[in-house]
Amino acid sequence: MSKHDSPTDDPTTAGPTPDSTGKTGAIDINDLSKIYDPEGERVVAVEGMDLDVEAEEFVALLGPSGCGKSTVMECIAGYLEPTDGEVLVDGNTISEPDPKRGVVFQENRLFPWKTIKENVEFGPRMHKGVEEGRAESILDEMGLDGFEASYPSGLSGGMQQRAELARLLANDPAIMLMDEPFSALDALTKEIMQKKLLEVWERDNRTVLFITHDVEEAILLADRVVIMTARPGQVKDVIDVDIERPRDPEVVTTDRFTELRERALSVIREEAQRALEQEEGG
Ligand SMILES: Nc1ncnc2c1ncn2[C@@H]1O[C@H](COP(=O)(O)OP(=O)(O)OP(=O)(O)O)[C@@H](O)[C@H]1O
């Protein structure tokens, strides 16, 4: 069953409202602000951010360290409540986490005491019930056939991240929120994971919001690269990646890729410098 014909799991929450093309997974960030510790140290992490992500779009989020990327993602995930403004998914204001908005972090959140298969089945078991054979087929797709009964500690870092991706896909999310998911992996494993992610995304057309510090990774994967300002974060620049898909790793050697990378880098350098000056100024 695809995400387009799956019923909503929780009858108490409004279901997704497909856009005019029948797609779901659109994100609207309207005038979003998030202040941590408003009565105390008052950290203005994000201020007046606007961004629309189309259903089934792949957007990469770049920006200097501490500019509020994870904060934005956690507001979309429903883990954090905005101080001001709102985040809508398919026209509905987000009020709480939902398995239809799956989140992957740099460090996997697999349960160490559960087998890989149990980890993958955990979400469906909690929300809609386990479909016979589905965990096996997702693990097979992730190249983890034969590791169903293994525990996370028995897997390499790359295999753990593939299991994490399998765990996310088992919930059939309309939106995949990925916070530097491959940044701890070695270069070769990272390349394999990027390819895997693109395969899954190109086939299932889920919306992806992908945080990274790696400009090449952002351009290789995304339809649009959104660059945030130094804190308080808001959108500084949006780069349309007009490079044909499917993209293979060799695309990084093309002139167009180089142009886009240089443009992204010059914007990021400017904001990284501002972030540094902020730090030095206390
Ligand atoms: N719970 C919190 N309490 C107070 N300040 C916080 C909290 N979480 C984050 N911050 C601050 O908010 C700002 C934005 O943090 P956030 O993690 O969203 O940035 P980021 O762009 O994801 O950073 P990085 O690229 O380093 O992961 C930072 O200055 C951070 O120190």
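Residues numbered from 1 in each chain as written. Predicted model: local features only at pLDDT ≥ 70, side-chain atom pairs only at ≥ 80, totals over all residues.

**Section: the site of the ligand**
Here is the rule we go by: For each residue, a C-beta atom is placed from the backbone, and the residue counts as near a molecule or strand when that atom lies within 6 Å of it. Here a helix means four or more residues in a row that DSSP labels H or I, a strand means two or more in a row labelled E, and each is numbered from the N terminus. Each residue gets one of three labels, nonpolar for Ala, Val, Leu, Ile, Met, Phe, Trp, Tyr, Cys and Pro, charged for Asp, Glu, Lys and Arg, and polar for the others, Gly among them.
Close to the ligand lie 13 residues, the nearest being Tyr36, Ala45, Lys69, Ser70 and Thr71. Residue assignment for the shell around the ligand shows that the elements contributing at least two residues are strand 2 (43–53) and helix 1 (69–77). The element contributing the most residues to the shell around the ligand is helix 1, with three residues. Per-class residue counts for the shell around the ligand are four nonpolar, six polar and three charged.

**Concerning helix 1**
For clarity, the threshold we go by: To assign burial, the other C-beta atoms lying within 10 Å of each residue's own C-beta are counted, with C-beta atoms placed from the backbone; 20 or more indicates buried, 12 or fewer indicates exposed, and intermediate counts indicate partly exposed.
In terms of burial, helix 1 is largely enclosed, as seven of its nine residues are buried. When we look at burial in helix 1, the residues that qualify are Lys69, Thr71, Val72, Met73, Cys75, Ile76 and Ala77. Two residues or fewer after helix 1 comes Gly78, characterised by a positive phi angle close to 90°.

**Focus on the sheet that holds strand 2**
Rule in force here: Strand pairing requires that DSSP identify at least two bridges connecting the strands. Here, residues touch in the contact sense if the C-beta positions derived from the backbone fall within 7 Å of one another. An axis is simply a line fitted to the C-alpha atoms; with a helix, the fit covers only the stretch in contact. Between two such axes, the angle follows the N-to-C directions and lies from 0 to 180 degrees.
Judged by pairing direction, the sheet is antiparallel, and its four strands sit side by side in the order 2-1-4-5 without closing on themselves. The two strands at the open ends of the sheet, each matched to only one other strand, are strand 2 and strand 5 (92–93). Two strands pair when backbone bridges link them, and strand 1 (residues 27–36) and strand 4 (residues 84–89) are joined in this way by five bridges, in the antiparallel orientation. Across the sheet, residue Ile27 finds its bridge partner in strand 4, namely Val89. Together, strand 1, strand 2 and strand 4 form the strand contacts of helix 1, whose direction differs from that of strand 1 by roughly 120°.

**Brief notes about the packing of helix 2 (residues 116–127) against helix 3 (residues 134–141)**
Where we set the bar: Left-handed describes a crossing whose near helix is turned anticlockwise from the far helix by less than a right angle; the clockwise case is right-handed.
For the pair helix 2 and helix 3, interaxial distance at closest approach is 10 Å and the crossing angle is 115°. Relative to helix 3, helix 2 is oriented so that their crossing is right-handed. Seen from helix 2, the contacting residues are Ile116, Lys117, Val120 and Glu121; seen from helix 3, they are Ala135, Ile138 and Leu139. Each residue belonging to the contact of helix 2 with helix 3 can be placed in one class, and the counts come to five nonpolar, no polar and two charged.

**Describing the sheet that holds strand 8 (residues 207–211)**
Here we have six strands laid out as an open sheet, ordered 6-7-8-3-9-10, and mixed in their pairing. Every interior strand has two partners, whereas the edge strands, strand 6 (101–104) and strand 10 (235–240), have only one. Neighbour to neighbour, the strand axes of the sheet diverge by 15° on average, direction disregarded. Direction of pairing for strand 6 relative to strand 7 (residues 175–179): parallel, over a ladder of four bridges. Following the sheet pairing, Val103 is matched in strand 7 by Leu177.

**With respect to the UniProt feature "domain: ABC transporter" (unreviewed entry) in the protein chain**
Note the threshold: UniProt positions are given in the numbering used here, feature names are shortened, and annotations may be inferred rather than shown by experiment.
Within this structure's numbering, the places UniProt gives as "domain: ABC transporter" (unreviewed entry) are residues 27–255. Along residues 27–255 the backbone is 30% helical and 26% strand, and the end-to-end C-alpha distance reaches 32 Å.

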